[in-house]
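# Structural overview for review
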Amino acid sequence: MECPHCHKTGNVFQRLFTRRSKTGTRFCIYCNAEVRVNYKWMKIFLLALLLVVVLIVLNIVLQMIGWPGITGGFAGGIAGAVLAIYMRRPPFVEIELVPKQKKKSRK
């Protein structure tokens, strides 16, 4: 993920945005900009479906060769890790800045 304000990037092990309150917005840890993170759940679902199909085909190919195949725990671990990494990439997530509220002036 990349902050749209300061253009700093996070990685898989470091969170770039933190949640400070129960609202849907998050804050950048570097520049303190308020952002809204929107996940595209339909694309993430299609990615998960594609991963399941690829793992089933891989299991069938390994069994046809004569190898024992992939266990359910190993396949689930691979699918979970790939989903956790790829769902934070730009095609699957949209990050937008929240416009700052203008202060009311007293007269």
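It should be noted that the structure appears before, not after, this text.
Below: a short report on this structure. Just so it is clear, the structure is predicted and the values come from calculations on it, not from any experiment.

### Remarks on a nonpolar patch on the surface
A grouping of M42, F45, L46, L49, V53, V57, V61, I65 and W67 is seen on the molecular surface, where their side chains present a nonpolar patch of about 920 Å² in accessible area. Along the polypeptide, W67 turns up in the loop between helix 1 (41-65) and helix 2 (72-86).

### Section: the layout of surface pockets
Empty space within the largest pocket amounts to approximately 380 Å³. As for the largest pocket, its lining consists of 18 residues, and the residues nearest its centre are M1, E2, G10, R88 and R89. Partitioning the lining of the largest pocket into residue classes produces 10 nonpolar, 3 polar and 5 charged.

### Remarks on the pattern of salt bridges
Enumeration according to the criterion identifies 1 salt bridge in this entry. Notably, a salt bridge pairs E96 with R36, separated by 3.0 Å at the nearest N-O pair. Pair noted here: E96 is in strand 4 (residues 93-97) and R36 is in strand 3 (residues 34-39), with a separation of 60 residues, a long-range link.

### Quick notes on the packing of aromatic side chains
In the structure shown here, the tally under the stated rule is 1 aromatic pair. Plain terms: the ring middles of Y39 and W41 are 5.5 Å apart, the flat faces sit at 45° to each other, and that makes the pair tilted. Cation over ring: K8 sits above Y30, and NZ or CZ is 5.2 Å from the ring centre. Directly above the aromatic system of F27 lies the positively charged group of R20, at a separation of 4.6 Å from the ring centroid.

Procedures and definitions
Residues numbered from 1 in each chain as written. Predicted model: local features only at pLDDT ≥ 70, side-chain atom pairs only at ≥ 80, totals over all residues. Heavy atoms only, no water. Patch = residues over 30% accessible without salt bridge, like charges linked within 9 Å, V, L, I, M, F, W, Y side chains within 5 Å. Areas by Shrake-Rupley, 256 points an atom, 1.4 Å probe, with all protein chains shown as cover. Salt bridge = Lys/Arg side-chain N within 4 Å of Asp/Glu carboxyl O. Helix = DSSP H or I, 4+ residues; strand = E, 2+ residues; numbered from the N terminus. 1 Å grid on protein atoms, 1.4 Å probe; cavity = no way out; pocket = protein on both sides within 12 Å on 5 of 7 lines; lining within 4 Å. Points joined across faces, edges and corners; volume = space filled by probe spheres on them. Nonpolar A, V, L, I, M, F, W, Y, C, P; charged D, E, K, R; others polar. Phe/Tyr/Trp six-rings, centres within 6.5 Å; stacked < 30°, edge-to-face > 60°. Lys NZ or Arg CZ within 6 Å of the ring centre and 35° of its normal.

Everything listed here is a matter of geometry and, on its own, says nothing about what the molecule does.
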